Amino acid sequence: MTDPVLSVRDLRIRFRSGGRETQVVHGVDFDIRGGETLALVGESGSGKSVTSFALMRLLPEAPRCTIEGSVSMGGVNLLELSERRMAQVRGPRIAMIFQEPLTSLNPVHRVGDQIAEAIRFHRKMSKADIRARVIELLTLVGIPDPARRMHAYPGEMSGGMRQRVVIAMALALEPDLLIADEPTTALDVTVQAQILELLRQIQRATNMAMLFITHDFGVVAEIAERVMVMYAGRIVEQGSLADVLSNPRMPYTRGLLASVPRFEDAGLKTGPLGTIEGFVPSPDNLPAGCSFHPRCPHARPGICDGALPELAAHGAGAHLVRCARSDEPAFGAEPAEVS
Amino acid sequence: MTAIPDPATRTRFAIFRGPRVRKFMRHRLAMIGLLTIIFLTLACFFGPYLLPYDELYIDLRARFSPPLTGSHILGTDPLGRDIAARLFSAGQISLTVGFTAMVLSTLIGTVIGVVAGYFGGWSRIGLMRIVDAFLSFPSIFLMLTLAAFLKPSPTMITLIIAVTSWMEVARIVEAEVRGQSSRDFTAAARMVGAPHWWIMGREILPNVIGPIIVAATLTVARAILLEAYISFLGYGIQPPLPSWGNMLNNAQQYLDSAPWLAIVPGVAITLAVTSFNFIGDGLRDALDARSVQ
Amino acid sequence: MIRFLTHRTLQGIVLILIVSMIGFTVINLAPGGPLSQYAMTPGMSQQDLDRIAHQMGLDRPIPVQYLDWLVNMVSGDWGKSYRDQSPVLDVVWRHMWATLLLMGTSTAIAVALGTLIGVLGALKRYSVFDYMATVGAMIALSIPTFWFGLVAIFFFSLELGWLPAGNMYTVGDQSFSDYAIHLIMPSIVLALVNVAIWSRYMRASTLDVMDQDYVRTARAKGLPRWRIVSAHIVRNALIPMITLAGLQLPTIIGGALVTETVFTWPGLGRLFIDSLGYNDYPVIMGLLMFSAILTVIGNFLADIGVALADPRIRLG
Ligand SMILES: Nc1ncnc2c1ncn2[C@@H]1O[C@H](COP(=O)(O)OP(=O)(O)OP(=O)(O)O)[C@@H](O)[C@H]1O
Ligand SMILES: [Mg+2]
């Protein structure tokens, strides 16, 4: 196997505001290889965006936010780089597409200039070459009449078009790793499908690694090779697409899957409305033991509310599960009591 | 604490409860300001009893004495009057003018703001347009014009300052009231047929009192400054009555020979105004509804 | 955009009308009124006064006088100065340049310094610098402009002898450097308050922009820090400042008035104070109107400036 493009070890993130400190990510480990897509799923507030921002060091500066652990790329721990060196990583090595297509572009600059800017500060290229590259990129992401549209301001474009501009910007330097934070959630279904298709094509052409954040398993099934499920700042299940989607061992993953209409037919037990009861716990008030146990239909007192379960291998492969009961033989078949 | 106050249990003037007072006390600059103002007020109103001279006593032999000559701690003016004595009695006038003008302009501003914000519609547009008009030319022009034609007694100066300083309060109150009028308890009061004045006075006003207090504090600062401006230009408090502003009136011509004439009253004005601005800042931090959970 | 500007023009006209009514009423209802200057002349009988009042049209009802004045004003006849009978518009025009020069220089200083302090304060929030800037601004806003002028004259003219204590030029010199040297102190004194105001607003505006998603996008592109700050933070944070500049005009004009007095600067502020001394009503009224018109024009230019700087408004 090739070396990973990026490997994250024991990533911990804390925010401080008004003298109070809150840890929102509690020791996350993962690797991503070239050409591979790793999906990161979880409910809103589970820490997906914060994790991805930490990889690019886009979180607030030191006193307001502390990042610990390591994020290595080519043998260098990005967390230890100076801000100046880090700026050289952002763009050519790691690029990002953000969750909010409507606000991610500066409203007072033309979109073409904003893409050109991404190139200009990393490559010595003539103005004309940059312009040609911008047009090429806009064409690539499917914006019609790019020579004209590059002069438009973000306010003159629809959300879908703006997201394509952000994608063009992220792809401008052909990064080794692309982080896509719910790039399609804010968009309607047809646009969503086009953008996924686009990302897949580009990935095939450039052998780019991709960290794809979403809470939509439909999208996961279409795009990812491996899946990582996050809950309350921890990875709770990780494995190949087949492992996680067809043989989920963590009740939280099952709950998430059950809330996707197309997986209901797969014979999975769904809750009353196909959603998980209750709410994601607040990061500064996590329950003892397994963070999920208050909401878990399989929770057993004395087992689940005691020690925090390890993220342990399940079976022979690379399928990892953080659940105290995942190895109980009957666990998979046992019907969940409806609460 | 719930986000929406329940009309039945809502405490009137909830703003004065413990946490806000403590928050204000922790604001170091505001405490410095408060102590300075207390000190200045005491000095101005009781200081004269401790001095051997009164502010009108003319001693032509002691003209232009620099500070610390004999018993003239702050020196004397061109007529040989004791500057410390004049400074204190000027302070009585300047502080009183500033404070009274604040009360008046806060009243005017609050009434106009509450009416505009509560009734909305044309009355709002009309009143706010007048506010804009007052804000759209330098009020010092209007103030000087008024002062030049009306007899500039301390009362008149107070009125003139009040008449040209109410707009900030009106704006703030209007914006706050507009927010409050749409809240549930106002609608409820209206439903049970409470008269407008009752709703405005008993339901809305207590909820906008915080911003009013902050604006009022800053208005004292502004009023003291304005008095100084007009008196400096010769249209304010008229000699022999001293005010901090008119003490500076002909200080410029003696700047070379007797700089203390200019420095002493200016320091007093700056100290008083800075203190009120600090207090206002502390009150804003403490009373701002958004900053205390 | 056109509709917006039309609307703003109408608003401006209404404002100027209200200001003129307030000013006219104040001047004409004041005890003494425009006649007071004659009343003080020895040997004037009541009959003489009535005759003069009739000649000047002062015996008509105030609204009639106002309409008359308004019609004349719109047609460019702002009356004649009581002092030397020259047309008010000419008098204002003659003194305007000195004031515009002072205000322009001072505003340039205030904008440059205020922006710098505000941006640095926001970038280094809660640092010692930020704290000092905050406290410094509060103190600067508390110092009477005229007193600051006096203190400056004391130190820089009288004690150190570096700068002239007043006037716009030295008689007989009037070279560029002579003007410049006379301009330094008054424009800095006048700028003080505005540096304070500007830096506070700029700090708030910058903090606001720093939290925007597009700044994170700019960082994710790997731009150097200076570029992020200049092209994405300051560039956007300045937009609301243009509006502020328009709204601050009355403060600057008011400040210019006392600054001109202290520094014997031959501008509109000095003219106003002198005219008050002479009860020169037409000039006083003219200056009131002029400052209102200047403010309206300033706000109008600010609206256009915002539209030019912000495509959302220009195209929306
Ligand atoms: N700047 C910040 N300061 C303090 N807390 C923060 C900050 N940013 C995020 N958080 C907290 O971190 C937690 C994780 O947030 P995050 O945005 O990563 O969630 P997410 O998984 O991306 O959710 P979504 O699906 O809604 O995007 C939340 O509890 C959030 O309140
Ligand atoms: Mg997110």
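For the structure given in this document, a descriptive report is provided here. Note that the coordinates shown come from a computational prediction; the quantities given were computed from them, not determined experimentally.

Here we look at the nonpolar core
If you look at the biggest cluster of nonpolar residues, it comprises 130 residues, and the most contacted ones within it are Leu-144, Ile-161, Ile-224, Trp-244 and Leu-248 of chain B together with Phe-146 and Leu-257 of chain C. In this structure, Leu-248 of chain B is in contact with Phe-232, Leu-261, Ala-262, Pro-265, Gly-266 and Ile-269 of chain B together with Phe-146, Trp-147 and Leu-150 of chain C, ignoring residues within four places of it in sequence. Judged by nonpolar contacts, the second largest core, of 63 residues, contains Val-41, Ile-119, Leu-187 and Ile-223 of chain A.

What to know about unusual backbone geometry
A cis amide bond, omega 10°, links Pro-239 of chain B with the succeeding residue Pro-240 of chain B. Along the chain, the position of Pro-240 of chain B falls in the loop between α9 (196-232) and α10 (244-247). A positive phi is found at Asp-145 of chain A, a non-glycine position, where the angle reads about 55°. Looking at the secondary structure, you find Asp-145 of chain A in the loop between α4 (127-140) and α5 (146-149). Positive phi values are uncommon outside glycine, yet Thr-264 of chain C reaches one of about 40°. You can see Thr-264 of chain C is positioned in the loop between α11 (239-262) and α12 (268-277).

Side note on the interface of chain A and chain C
Between chain A and chain C, the contact holds 29 residues from the first and 25 residues from the second. When the two sides are added together, the surface that chain A and chain C hide from each other amounts to roughly 2,300 Å², 55% of it contributed by carbon and sulfur. Counting the surface chain A buries against chain C, the share from its top three residues, Val-108, Glu-117 and Phe-121 of chain A, is 24%. There are four salt bridges connecting chain A and chain C. Between Lys-221 of chain C and Glu-117 of chain A there is a salt bridge; the shortest N-O distance is 2.8 Å. Looking at the side of chain A that touches chain C, the elements with two or more residues in it are α1 (48-56), α2 (83-89) and α3 (111-120) of chain A. With four residues, the single largest contributor to the side of chain A that touches chain C is α3 of chain A.

Details of the sheet that holds strand β11 (residues 312-313) of chain A
All names here are of chain A. Sheet architecture is open: eight strands sit in the order β6-β7-β8-β3-β9-β10-β12-β11, paired in mixed fashion. Each of the sheet's edge strands pairs with one partner strand only, and the pair in question is β6 (94-97) and β11. Pairing geometry for strand β3 (residues 37-41) and strand β8 (residues 209-214), over five bridges, is parallel. The residue of β8 that forms the bridge with Leu-40 is Ile-213. Docked against the sheet, α1 engages β3, β6, β7 (177-181), β8 and β9 (226-231), running at close to 150° with respect to β6. With respect to the sheet, helix α6 (residues 159-171) is in contact with β6 and β7, its orientation differing from that of β6 by roughly 175°.

Quick word on the interface of chain C and chain B
Between chain C and chain B, the contact holds 44 residues from the first and 40 residues from the second. Our count for the chain C to chain B interface comes out at zero salt bridges. If you look at where chain C meets chain B, you find five residue pairs in polar contact (both at pLDDT 80 or more). Within the residue set of the side of chain C that touches chain B, elements represented by two or more residues are α1 (2-29), α6 (128-140), α7 (145-159), α11, α12 and α13 (281-309) of chain C. Among the residues forming the side of chain C that touches chain B, the class breakdown is 35 nonpolar, nine polar and no charged.

Quick look at the environment of Ala-215 of chain B
Residue and element names in this part refer to chain B. With respect to the secondary-structure elements, Ala-215 resides in helix α9. Residue class for Ala-215 comes out buried when judged on its relative accessible area of 6%. Linking Ala-215 and Phe-278, residues 63 residues apart in sequence, is a C-alpha distance of 12 Å. With near-sequence residues (within four places) excluded, Ala-215 lies in contact with Val-169 and Ile-172.

Scoring rules and cut-offs
Residues numbered from 1 in each chain as written. Chains lettered and ligands numbered in written order. Predicted model: local features only at pLDDT ≥ 70, side-chain atom pairs only at ≥ 80, totals over all residues. Heavy atoms only, no water. Core = buried A, V, L, I, M, F, W, Y, C linked by side-chain atoms within 4.5 Å. Buried < 20%, exposed > 50% of the residue type's maximum accessible area, 1.4 Å probe, protein only. Contact = heavy atoms within 4.5 Å. Helix = DSSP H or I, 4+ residues; strand = E, 2+ residues; numbered from the N terminus. Buried area = accessible area lost by both parts, 1.4 Å probe. Salt bridge = Lys/Arg side-chain N within 4 Å of Asp/Glu carboxyl O. Pairing = 2+ DSSP bridges. Axes fitted to C-alpha atoms, helices over the stretch in contact; angles between N-to-C directions. Polar contact = N/O pair within 3.5 Å; in protein donor to acceptor, adjacent residues only side chain to side chain. Nonpolar A, V, L, I, M, F, W, Y, C, P; charged D, E, K, R; others polar.

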